[in-house]
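Next come the chains, spelled out residue by residue.
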Amino acid sequence: MTKEQRLKKRYRAEKRFKMYGLISVSLAVIFVLILVQNIFSKGSSAFSRTMIEVEVNYDSSLLELDSPINQNSLKDADFYDLAVESLLKIYPAKDSKEERQILRLFSPDYEFEIKDFLIKNPNKIDQVVPVKITASDDIDQLNKGNFPRDLPEDRRRVSNYQLNIYDNLVEKEKINKKFNNYLFTKGDSRDPELAGIGGSLMGSFFTIIICLILSFPIAIMASIYLEEFAPKNKITDFIEININNLAAVPSIVYGLLGLGILLSVMEFPRSTPLVAGITLSLMTLPRIIIPCRASLKAVPPSIREAALSVGASKFQTVFHHVVPLAMPGTLSGTIIGLAQALGETAPLILIGMVAFVVDIPSSPVDPSASLPVQVYLWSEQAERGFVEKTSATIMMLLGFLIVMNFIAVYLRQKFEKKWN
Amino acid sequence: MELNNSKIKIKAKNLNVFYGKKQALFDINLDINQKEVTALIGPSGCGKSTFIRCINRMNDVIDICKVEGSVEIDGAEINEKNVDVVTLREKVGMVFQKPNPFPKSIYDNIAYGPIIHGAAENKDQMDNIVETSLKKAALWDEVKDRLNEPGTSLSGGQQQRLCIARALSVNPEVILMDEPCSALDPIATAKIEELIDDLKKSYTIVIVTHSMAQAVRVSQKTGFFHLGKIIEVDSTEKIFKNPANKMTQDYITGRFG
């Protein structure tokens, strides 16, 4: 082969390699785009909710109040009769079957929404007021265009009679959409239109805080000791190998550990962020220790020598120079470890966080859900409303992960100092 | 030896150093005179650096390194367990092959040593220490207007003088220099050599160098190391003009190494 041929061959090889790289990168980008597009197209509608405007007659005689009307007496009052009477007026019904169908246009919480409106506006008593009431999941999906209307009636969840009412209401401009604050303020529910991620958000928040409090100091101390102070011998080698092994242990094993030790032996409260946080911090510890040690190792030995040579003790050298220089890597390692913990599902299922919890937890020892488990729970539900809720939750979870990773990158760039 | 009118500052007796199973230094006996520059020359890997790292016990930080024998400074043994290395290193400063300023401001680079030793009581005293150290290292005029800039923003030669100033800031008696000019250009080297010449009035200096011209220029006494053994020690003039040992002769004339 002549020199020129070899040269051409070399150029061709380089070109080929670049092309392979380009193809793999574009494949990755395409898949990410498909994923994001899929989630957004399914989930974006979850951020709005369909409301039906109803003229409510706040007839005090229907409330059967003994005491004078004030906020407290209203809170105890039974609004069911009042609510049903007003709702049934939106369309004529000829029998009780049709009346039931009318009521099913609304979310089961209509009674409380009507009550809450009066509690907020007590001066409306004995008046007829337009009140916006959350529509049922079926009407919500119909309004969002997710239900095909041209199917035969027996294959539809909305009857012809209900469709007529809906069309009538649309004509009268009684149906409108508003921002779905329930998605963020409510806990889980059997009714998709009333279900929110408020509970799982708080659960995830408490879990991550506990995980951070437990794993960050332990991981930092362990990595500083192992990297800077521990003698290099068989025992530390053994510990190092084990830390690396623990980082590779499937997360569900940590769930079993939490179930076996924390719940069975120590009898911690089941399905709580406390147990979840402890379990996840066990999982996160090795995953934080490894990047922490790597960033300590990356501090050049010349800095250590410089400090030692002016008479700094080992302790001073480590804490005045090495640790501050390693901080950016340490912090971003910690945040990425926590981000992994935030998205972890399997161990939480084992420690009972998969339970159906309606209440929003107010402390780490209250039963609670968490974001990834909420995704898992809702993805199993049949209702169309939960499909968009699932995607919306995934969007929130991805949002948090992206924010955490950005913080990690930002911290690394902000505090990174150049040396030699 | 000719230079017996000088007082001996550092005395190494039967010094053996091991890295794991490998022996790096064999029975080193070397006297280093006070307020004089002693140059250590020899081919790479001959143990010069290992030797000077014994003088401030920097070898302690290497786990596998074991030092046997004795090093005395002013007649006091430093290789004993109860000797505090922090106090020792306050007395014996060191400048390294590659300039290694802390990634902090020029001021903080100098102030760090005095801070940990509690040498200054207030800001004025600290300013004073920083100024005198930088002046001694002939760097003051170049950096006095930018003391808050990072030390790493200086040029290589300036960084090395900053490191010398840092070593001077804790008032040492001995300064060890491990090839301080090997990463510098000739002009910066000339400045450092000039500085060394100046510093020997007040400090005992031990310098490891690969440049025989440098040894001739800055030192009064030269030791030739080869394969972990000290081959010949004498006045610099004698070593370079009329060495007693054939191997020294071969090395300085460039036949090996």
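**Points about the overall build of chain A**
For step 1, the next point in the chain: Assigned secondary structure in chain A consists of 17 helices and 3 strands.
For step 2, the next point in the chain: What you see for chain A is a C-alpha radius of gyration of 30 Å, clearly larger than the 22 Å of a compact globule of 420 residues, by over 25%.
For step 3, the next point in the chain: Every one of the 420 residues in chain A was classed for burial, and the buried ones make up 38%.
For step 4, the next point in the chain: Taking as baseline every contact in chain A between residues at least 6 positions apart, the subset at least 24 positions apart corresponds to 77%.

**Observations regarding the nonpolar core**
All names here are of chain B.
For step 1, the next point in the chain: Ranked by size, the top nonpolar core spans 74 residues in total, and within it I55, I175, L176, I205, V206 and I207 carry the most contacts.
For step 2, the next point in the chain: Ranked by residues supplied to this core, first place goes to helix α6 (residues 156-168) with 6 residues.
For step 3, the next point in the chain: The contacts of I175, once residues within four sequence positions are left out, are G93, V95, A167, L199, Y203 and I205.

**Some remarks on the domain arrangement of chain A**
For step 1, the next point in the chain: Splitting chain A by domain gives domain 1 (48-179) and domain 2 (198-415).
For step 2, the next point in the chain: The C-alpha centroid of domain 2 of chain A is placed 46 Å from the C-alpha centroid of domain 1 of chain A.

**Details of the environment of F106 of chain A**
All names here are of chain A.
For step 1, the next point in the chain: Note that F106 resides in the loop between α4 (96-103) and α5 (110-120).
For step 2, the next point in the chain: With 204 residues separating them in the primary sequence, F106 and V310 have C-alpha atoms 77 Å apart.
For step 3, the next point in the chain: Apart from the residues within four sequence positions on either side, F106 is in contact with I52, L87, I133, T134, A135 and S136.

**What about the sheet that holds strand β4 (residues 65-73) of chain B?**
Residues and elements named next belong to chain B.
For step 1, the next point in the chain: Read from one edge of the open sheet, 4 strands run β2-β1-β4-β5, paired in antiparallel fashion. Unpaired on one side and paired on the other, β2 (22-33) and β5 (76-77) mark the two borders of the sheet.
For step 2, the next point in the chain: Direction of pairing for strand β1 (residues 8-19) relative to β4: antiparallel, over a ladder of 8 bridges. Residue pairing for β4: F18 is matched across the bridge by K66.

**Observations concerning the interface of chain A and chain B**
For step 1, the next point in the chain: Taken residue by residue, the interface counts 19 residues in chain A and 22 residues in chain B.
For step 2, the next point in the chain: When its residues are assigned to classes, the side of chain A that touches chain B shows 8 nonpolar, 7 polar and 4 charged.

**Description of helix α13 (residues 301-309) of chain A**
Structurally, the α-helix is built with 3.6 residues per turn, so residues lying three or four positions apart point the same way.
For step 1, the next point in the chain: A306, A307, L308 and S309 of chain A are the residues of α13 of chain A that are buried.
For step 2, the next point in the chain: On its buried face, α13 of chain A sits against α14 (314-342) of chain A together with α2 (85-91), β6 (92-95) and α6 of chain B.

**Let's talk about the sheet that holds strand β7 (residues 174-178) of chain B**
Residues and elements named next belong to chain B.
For step 1, the next point in the chain: The strand order across the open sheet formed by 6 strands is β6-β7-β8-β3-β9-β10, and the pairing between neighbours is mixed. The open sheet has two edge strands, β6 and β10 (229-235), and neither has a second partner. Strand-to-strand, the axes of this sheet are offset by a mean angle of 15°, without reference to chain direction.
For step 2, the next point in the chain: Inspection of the sheet shows β6 paired to β7 by 4 bridges, in the parallel sense. If you follow G93 over to β7, its bridge partner there is I175.

**Quick word on the environment of N245 of chain B**
Residues and elements named next belong to chain B.
For step 1, the next point in the chain: Tracing the backbone shows N245 in the loop between α9 (236-241) and α10 (246-252).
For step 2, the next point in the chain: Of the residues examined, N245 has 14 C-beta atoms within 10 Å and is grouped as partly exposed.
For step 3, the next point in the chain: Distance in space between the C-alpha atoms of N245 and K98 is 32 Å, their sequence separation being 147 residues.
For step 4, the next point in the chain: Setting aside anything within four residues of it in sequence, one finds N245 in contact with I231 and E232.

**Describing the packing of helix α3 (residues 106-117) of chain B against helix α4 (residues 123-136) of chain B**
Residue and element names in this part refer to chain B.
For step 1, the next point in the chain: Their axes nearest at 9 Å, the elements α3 and α4 cross at an angle of 110°. As the angle between them shows, α3 and α4 are arranged roughly perpendicular. Judged by the twist between their axes, the crossing of α3 over α4 is right-handed. Residues Y107, I110, A111 and P114 of α3 lie in contact with α4, whose contacting residues are M126, I129, V130, S133 and L134.
For step 2, the next point in the chain: In the contact of α3 with α4, the residues fall into 8 nonpolar, 1 polar and no charged.

Reading guide: rules and limits
Residues numbered from 1 in each chain as written. Chains lettered and ligands numbered in written order. Predicted model: local features only at pLDDT ≥ 70, side-chain atom pairs only at ≥ 80, totals over all residues. Helix = DSSP H or I, 4+ residues; strand = E, 2+ residues; numbered from the N terminus. Rg over C-alpha atoms; globule rule 2.2 N^0.38 Å. Buried ≥ 20, exposed ≤ 12 C-beta atoms within 10 Å, placed from the backbone. Contact = placed C-beta atoms within 7 Å. Core = buried A, V, L, I, M, F, W, Y, C linked by C-beta atoms within 7 Å. Domains from an automatic or database assignment. Pairing = 2+ DSSP bridges. Nonpolar A, V, L, I, M, F, W, Y, C, P; charged D, E, K, R; others polar. Axes fitted to C-alpha atoms, helices over the stretch in contact; angles between N-to-C directions. Parallel < 35°, antiparallel > 145°, perpendicular 65-115°, else oblique. Left-handed = near helix turned anticlockwise from the far one by under 90°.

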